[in-house]
Amino acid sequence: MAEGLGTAAPAPDSRPSGVSSGVQHDLFQDEDTVNDYGSHNKPGTILQRFVPEGNIPFPDIFQTNQLLFYERFRAYQDYILADCKASEVREFTAEYLEKVLEPSGWQAIWRTNVFEVLVEVTNVDFSSLKAEVKLTHPYLCESRVSTFTLECMKELLELKENQLPLQELWVVFDDSGEFDQTALAIEHVRFFYQNIWRSWDEEEEDEYDYFVRCVEPRLRLHYDILEGRVPSGLIIDYHKLLSECEEIYRKFLNLRSSISNGDADTELENVSMAEGLRLYSEIEQLKQKLKLIENPLLRYVFGYQKHTGIQAKGIRPTGKKITHVVSTSMMASLLHSLLRDKLYQESHEEMEIQFHNDPLSAINACYEGDTVIICPGHYLVNGMFSIADSIELEGYGLPDDIVIEKRGKGDNFVDCTGANVKISNVKFVQHDAVEGILSIHCGKTTLENCVLQCETTGVTVRTSAELLMKNSDLYGAKGAGIEIYPGSKCTLSDNGIHHCKEGILIKDFLDEHYDIPKITMVNNVIHNNEGYGVVLVKPKIFSDLQENAQDGSEGNKILKVQENEEVGAREKMGQEEQMQYTSGELGPYARPEFYDQTDQMEGNCEIVNELVAASTRKGQMKKKRLSGLGIIEADDNLMSQEMFVSIVGNQFKWNGKGRFGFCKSTQISQKKENYMIRSQIHKDL
């Protein structure tokens, strides 16, 4: 058989023990490709035996449901579907089966939702994708509902004319290798009609790119879901849309078949036609939504927009605020400590307490003003913490004692949209993630005395959001430890940010559509990052301004004077800062014997000067643009969009590229980005 279908036929010299060496290569496989997809060294490329569960001693079957993505991809692309149209899928599948399937002489387990029974295949009707079968002797059957006697099963097979769909058959294992390709071929057919094929595909545009349009994106989505790369909420939406579309499509087919071919002027048929048009319109809308999720380029945008639109519950209908206690087990000593330290109120007001086994269920049960207290323990969570209300999440103990570990790759870890969210004394741990550990979309989030063990991006502070992060430790991000978007507010105090690709990344804010962020950094230790300690995304227009600054224009002279004034002010601040260093402590990450106070003072001043200079340039750009529009007199308050910056007492040590640097932006403005996304969606629809 073909290269991509070589999973059932390993090379002769690499066969496991107990398997005959007389197995031939795949039907269409060349000599030089045997070791490619038939190698014992590749995981999942050899069919193994599987022992069926249950009380009936069924024979072992081939385990075919663990094939890798590339194996199925190559099979459908190169050897089953190729460049066929949607209307030709059945014909191409039949031709493929006729080449690789044994027509008779093998046994299989016929599986339904009600029973399982052992049968023997006597012939295969390739055009209908069905097999003619007979019951085996001895008769083996296991029923989930009621007992099926031999006579009942014979009657059922007679009603079906002894023909069963191939996809309902699981081939019995045979170590001779004779039926390996049969088991694999049936698995490809079964997987296709269960996970890829849609009943409406034949009514789509009947072009030769069916594999590219439908098969490949659906196959990739299936494996992305298996590998946890799709948000759980988006998976639920997809299956819900799919079920809804199938149900409406069935109604549409029934209505269409009921309409007669005669005179269509009768009132009843006119009503049916109108109903048919309505159903058809609904089907098309659902199909477009499914395509958005199936498209890997638009899937992230679709999921991101959905999750950022989570609505807050508000105040509980009863008006009460509840304290949620999370613990895997509650001992008397722990309960006594909680009552003493957290749950007892001097006001003697009754407090309602709810107990949970995991943090996710506690957060999902919260309303505005609730408190979640997490007891010491290691908690494994699947899903995303979506915090849309103002709540407080507090660990009872030290962060290393309260560990919340994320499982699954598709979801963000923590998404905050609440007006005032507080998180303290918790350690968050990510593994194999594709999304950031904490995203603040709007509102204010306070993070205090926490540990963030990141995998991709660390903390993202989006436009109009606010982060207050104190006494926390963040490390391990493959991107930036903290991403600060234009128009946001970020206050960092006494934190450690280390072993990330970049320490802190400030997004481009020079575009006229962006607001300037407000940044405060005090006594942070930013060290051992691969790139810069702090990096500012620098668009192309930034470089153009630097070149134009040499033309001696009056505007540029003013800009230079403003920059010099800022530098002088920062130098004065730096001298005061140096005095603070002399009398104060250097922090937990500092090494006094190697610490250069002057160098550290210059590092803080350098960042302040660059950021203030950039904001000043933005103001000059806006003034020039307004002047070009004929607006000579502008409100100084509106023109002076000066960044609020306070950067003092920070330590930048052992960063790969230094304290501060620029990163040229290859991104377009948000306005253009949104336009391109809308255009892509419109094109895809």
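Everything below is about the structure shown above.
Residues numbered from 1 in each chain as written. Predicted model: local features only at pLDDT ≥ 70, side-chain atom pairs only at ≥ 80, totals over all residues. Heavy atoms only, no water.

(A) Local environment of the nonpolar core. In this structure, Phe428, Ile482 and Ile504 are the most contacted members of the largest nonpolar core, which totals 65 residues. With five residues, helix H14 (residues 597-628) is the largest single contributor of residues to this core. Contacts of Phe428, omitting those with residues within four sequence positions, involve Phe385, Leu393, Ile404, Phe413, Val414, Ile423, Ile437, Val451, Leu452 and Gln453. (Core = buried A, V, L, I, M, F, W, Y, C linked by side-chain atoms within 4.5 Å. Buried < 20%, exposed > 50% of the residue type's maximum accessible area, 1.4 Å probe, protein only. Helix = DSSP H or I, 4+ residues; strand = E, 2+ residues; numbered from the N terminus. Contact = heavy atoms within 4.5 Å.)

(B) Main features of the pattern of salt bridges. Counted according to the given criterion, the structure contains 23 salt bridges. Look at the salt bridges and you will find they share partners, linking Arg198, Asp201, Arg218 and Glu294 into a network. (Salt bridge = Lys/Arg side-chain N within 4 Å of Asp/Glu carboxyl O.)

(C) Spatial organisation of the packing of helix H2 (residues 69-80) against helix H5 (residues 180-196). Following both chains from N to C, one finds H2 and H5 inclined at 95 degrees, their axes separated by 11 Å at the closest point. Taken together, the axis directions place H2 and H5 in an arrangement best described as roughly perpendicular. On the side of H2, the interface is formed by Glu71, Arg72, Ala75, Tyr76 and Ile80, while H5 contributes Glu187, His188, Phe191 and Phe192. When its residues are assigned to classes, the contact of H2 with H5 shows five nonpolar, one polar and three charged. (Axes fitted to C-alpha atoms, helices over the stretch in contact; angles between N-to-C directions. Parallel < 35°, antiparallel > 145°, perpendicular 65-115°, else oblique. Nonpolar A, V, L, I, M, F, W, Y, C, P; charged D, E, K, R; others polar.)

(D) Representation of empty space enclosed by the protein within the structure. Taken as a whole and judged by the stated rule, the model has three cavities of 30 Å³ or more. Considered as a void within the structure, the largest cavity measures approximately 80 Å³ in volume. Forming the boundary of the largest cavity are Arg198, Trp200, Asp201, Glu204, Cys214, Arg218, Lys287, Leu290, Lys291 and Glu294. Of all elements in the fold, only helix H6 (210-226) and helix H8 (267-294) reach the threshold of two or more residues within the lining of the largest cavity. Its residues placed into classes, the lining of the largest cavity shows three nonpolar, no polar and seven charged. When residues of the lining of the largest cavity are sorted by domain, at least three fall in each of domain 1 (49-214) and domain 2 (230-305). Taken as a whole, the second largest cavity spans an internal volume of roughly 50 Å³. Lining of the second largest cavity is provided by Tyr76, Ile80, Leu81, Thr93, His188, Val189, Phe192 and Tyr193. When residues of the lining of the second largest cavity are traced back to their parent elements, those giving at least two are H2 and H5. Per element, the largest residue contribution to the lining of the second largest cavity is four residues, and it comes from H5. (1 Å grid on protein atoms, 1.4 Å probe; cavity = no way out; pocket = protein on both sides within 12 Å on 5 of 7 lines; lining within 4 Å. Points joined across faces, edges and corners; volume = space filled by probe spheres on them. Domains from an automatic or database assignment.)

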